Amino acid sequence: MIFRSADMKNGPAVEYGEPVIEIAGVYKSFGNNHVLKDFNLTINRGENVVVLGKSGCGKSVLIKCIIGLLSYDAGSIKVFGNEISQLPIAELDELRARIGFVFQSSALYDSMTVRENLEFPLRRHGKHKSKSEVQGLVEETLKDVGLLDAINLMPSELSGGMRKRIGLARSLILHPEIMLYDEPTTGLDPITSGEIINLMLNVQKKYNTTSITISHDMHCAKITGNRLAIIVNGTNYSDGTFEELSIIDDPQTHPFFE
Amino acid sequence: MNNSPNIEPDKEVPELKEGFFDLLPKGLIEFLNEAGEIARFAGKFFKQVLRPPYEFKEVLKQAFEIGYRSLSLVSITSFIIGLVLTLQSRPTLVEFGAEAWLPSMVGISIIRELGPVVIALICAGKIGSSIGAELGSMKVTEQIDAMEVSGTNPFKYIVVTRILSTTLTIPILIIIGDAVALYGSYLAVNIRGSVSFTLFFKQVFDSLEFSDVVPAFIKTFFFGFAIGLIGCYKGYNSKKGTEGVGRSANSAVVIGSLLVFIIDLIAVQITEFFGFL
Ligand SMILES: Nc1ncnc2c1ncn2[C@@H]1O[C@H](COP(=O)(O)OP(=O)(O)OP(=O)(O)O)[C@@H](O)[C@H]1O
Ligand SMILES: [Mg+2]
């Protein structure tokens, strides 16, 4: 790592809460493909961290490890103080209910309508709610993303931007404390990606979330993140605010800010 | 590190040590590897099928979808098989002056062998490929991951329910197909001769014995299980990209059909061995 926020004497003194995600010395490889190598990152309550890195460097792998979709080979990942790899499945599911995950490919269930897509996490996380409560939550969340009209459509009838928004709505429906966004604006036109960014900011405000956003989009990173982390060769190479990182002259960091 | 039960360690291709295995052809090793993986997948099914929560609703929904979507195809093919088989057999029987045996002969061939195997092959094509493609695309578009983070065991919700529903539905499709094929045969008998509906079916059922019907029926459950298992296995382990999805669907059909023949062969051996009681 070449740079840490703390190196900066006159950095902005914003106070955040206790750590909610603590990643320490994580290794992950697939066969001979060593993706994460001694990765470290701590995120405090209220922080919105943007993770940058070139394609294939392991950004998606990192957040899938955080939510327990992938196991890691060594190191420790703690979410709300719980070591992910050691949680029994029931507790892991409880923890997952507090985390919203927006997939890179939206991952809407093709065989279900938009309404059923949104109801799925509500039903499956075993929160017994009445029909009208479920209905109310689905409609409120769809209103949040501005797609109430699409409630009875199938995912195949939606555009890419709409799918992203429905995917976002589905992960918001349980009112998570942590949001993990996997490339929320990639592949969208500037207007639609602007809308998604606004939605993300609204989510931050409305639900007071802590978030990790994976993005190549510097505009998105600048607006939605109060801290950046750049992955190079599987490690957290540099970590700091947008302003701090944009002025360092380093061949690995600089290209992101051009 | 201690993995929690649902985090699957990512499968790695074991590095083969120099030695005995190098002497075997590569294709054979791949075949054995695959067979082992399928057996493990089946083992996982049996482990999870008995554990709550039971996804009854999803099983019924899948069974309905699978049955409903294949019913017309199964009916049409069975009808033609019954018709053609009867027309083709007639001249030979006439030669021996055994025309009266036509209903019995056709009935036995359809119930014992042709009905179950042909319909199972059709199901391997239609149902196996659609399950393979569906699960494959769920895998590559991260829908399976999305289910897992929504507090759902995807293996149980997707795989177990589909294998259960093919195991229950394909036998029903085969019974329906058998009936339609016999009806086709009845029509074919009546093109030349004239046999009443009741007489035709009386002849068919009189010639059928317990030992014809029961083993033929039991093996259909194994056909259904094998077709569901292979479709799910191929789809669930689909490689990234649309090409991977196509390949899953394709090999689900090939391996599924092959398994149908193998199970049929084994079933015949077992039936013979017990002389069927
Ligand atoms: N399930 C898996 N099995 C094997 N290898 C994998 C798996 N998932 C990811 N990889 C490998 O891990 C590496 C990192 O993948 P990852 O998806 O995290 O990249 P990424 O940083 O998200 O890239 P992108 O910006 O293109 O999404 C890649 O080399 C990929 O091939
Ligand atoms: Mg990615």
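## Points about the pairing of strand β10 (residues 235-240) of chain A
With five of six residues buried, β10 of chain A is to be regarded as a mostly interior element. The loop that links strand β9 (residues 227-232) of chain A with its antiparallel partner β10 of chain A comprises two residues; one of these, N233 of chain A, has a positive phi angle of about 50 degrees.

## Observations concerning the sheet that holds strand β5 (residues 82-83) of chain A
Residue and element names in this part refer to chain A. The four strands are arranged β2-β1-β4-β5 in an open sheet whose pairing can be described as antiparallel. Either end of the sheet is taken by a strand with one partner, and the two such strands are β2 (33-44) and β5. The pairing of strand β4 (residues 74-79) with β5 spans two bridges and is antiparallel. Across the sheet, the residue bridging to K78 is E83, located in β5. In the packing of helix α1 (residues 59-66) onto the sheet, contacts are made with β1 (19-30), β2 and β4, and the angle to β1 comes to roughly 120 degrees.

## A few points about the packing of helix α3 (residues 114-124) of chain A against helix α4 (residues 131-144) of chain A
Residue and element names in this part refer to chain A. Packing of α3 against α4 leaves a shortest axis separation of 10 Å and a crossing angle of 115 degrees. When the axes of α3 and α4 are compared, the crossing they make is right-handed. Seen from α3, the contacting residues are V114, R115, L118, E119 and L122; seen from α4, they are V134, Q135, L137, V138, T141 and L142. Across the contact of α3 with α4, the residue classes tally to seven nonpolar, two polar and two charged.

## Section: the side chain of Q204 of chain A
Residues and elements named next belong to chain A. Counting through the fold element by element, Q204 comes out in helix α6 (residues 190-207). With relative accessibility at 17%, the residue Q204 sits in the buried group. Within polar-contact distance, the side chain of Q204 engages the backbone oxygen of T224 at 3.0 Å.

## Considerations on the sheet that holds strand β7 (residues 178-182) of chain A
Residues and elements named next belong to chain A. If you walk across this open sheet you meet the six strands as β6-β7-β8-β3-β9-β10, and the pairing is mixed. At either end of the open sheet lies a strand with only one pairing partner, and these are β6 (99-102) and β10. Across the sheet, the axes of successive neighbouring strands diverge by a mean angle of 15 degrees, strand direction being ignored. Alignment of strand β3 (residues 48-52) against strand β8 (residues 210-214), held across four bridges, turns out to be parallel. From the neighbouring strand, V49 faces β8, where its bridge partner is I212. Lying over the sheet, α6 contacts β3, β7 and β8, oriented at roughly 165 degrees with respect to β7.

## Some details on the site of ligand 1
All names here are of chain A. If you check the shell around ligand 1, you find 13 residues, and the closest are S55, G56, K59, S60 and E183. Within the side chain of N33, one N or O atom sits 3.1 Å away from an oxygen atom of ligand 1. Within the backbone of V61, a nitrogen or oxygen atom sits 2.9 Å from an oxygen atom of ligand 1. Put simply, the parts of the chain that give the shell around ligand 1 at least two residues each are β2 and α1. Counting residues per element, the shell around ligand 1 draws most heavily on α1, at three residues. Grouping the constituent residues of the shell around ligand 1 by class yields four nonpolar, seven polar and two charged.

## Looking at α3 of chain A
Along α3 of chain A, the positions that sit buried rather than exposed are V114, N117, L118, E119, F120, P121 and L122 of chain A. Looking at the buried positions of α3 of chain A, the neighbouring elements they touch are α4 and α5 (160-172) of chain A together with α5 (143-149) and α6 (154-192) of chain B.

## A word on the nonpolar core
All names here are of chain A. Counting 82 residues, the largest nonpolar core has I23, I66, I77, V79 and L180 as its most contacted members. Beyond its immediate chain neighbours, meaning those up to four positions away, I66 contacts I21, I23, I77, V79, I84, L180 and I212. Membership of the second largest hydrophobic core comes to 29 residues, among which are V102, V145, I151 and L172.

## With respect to the coordination of the magnesium ion (ligand 2)
Of the protein atoms, only S60 of chain A (OG) and Q104 of chain A (OE1) coordinate the magnesium ion (ligand 2), at distances of 1.9 to 2.4 Å. On the criterion of sequence distance, the pair formed by S60 of chain A in helix α1 and Q104 of chain A in the loop between β6 and α3 is long-range, its members being 44 residues apart.

## Structural notes on the interface of chain A and chain B
At the interface, 33 residues of chain A touch 25 residues of chain B. When chain A packs against chain B, the two sides together hide about 2,500 Å² of surface, and 51% of this comes from carbon and sulfur. Counting the surface chain A buries against chain B, the share from its top three residues, L69, Y109 and R124 of chain A, is 21%. At the boundary of chain A with chain B, the tally comes to four salt bridges. Taken together, the connections running from chain A to chain B amount to twelve residue pairs in polar contact (both at pLDDT 80 or more). Sorting the residues of the side of chain A that touches chain B by element identifies β1, α2 (89-96) and α3 of chain A as the ones contributing at least two each. Class assignment of the residues belonging to the side of chain A that touches chain B gives a composition of 17 nonpolar, eight polar and eight charged.

Thresholds applied
Residues numbered from 1 in each chain as written. Chains lettered and ligands numbered in written order. Predicted model: local features only at pLDDT ≥ 70, side-chain atom pairs only at ≥ 80, totals over all residues. Heavy atoms only, no water. Buried < 20%, exposed > 50% of the residue type's maximum accessible area, 1.4 Å probe, protein only. Helix = DSSP H or I, 4+ residues; strand = E, 2+ residues; numbered from the N terminus. Pairing = 2+ DSSP bridges. Contact = heavy atoms within 4.5 Å. Axes fitted to C-alpha atoms, helices over the stretch in contact; angles between N-to-C directions. Left-handed = near helix turned anticlockwise from the far one by under 90°. Nonpolar A, V, L, I, M, F, W, Y, C, P; charged D, E, K, R; others polar. Polar contact = N/O pair within 3.5 Å; in protein donor to acceptor, adjacent residues only side chain to side chain. Near = heavy atom within 4 Å. Core = buried A, V, L, I, M, F, W, Y, C linked by side-chain atoms within 4.5 Å. Donors = N, O, S within 2.8 Å, 3.2 Å for Na, K, Ca; no water. Buried area = accessible area lost by both parts, 1.4 Å probe. Salt bridge = Lys/Arg side-chain N within 4 Å of Asp/Glu carboxyl O.

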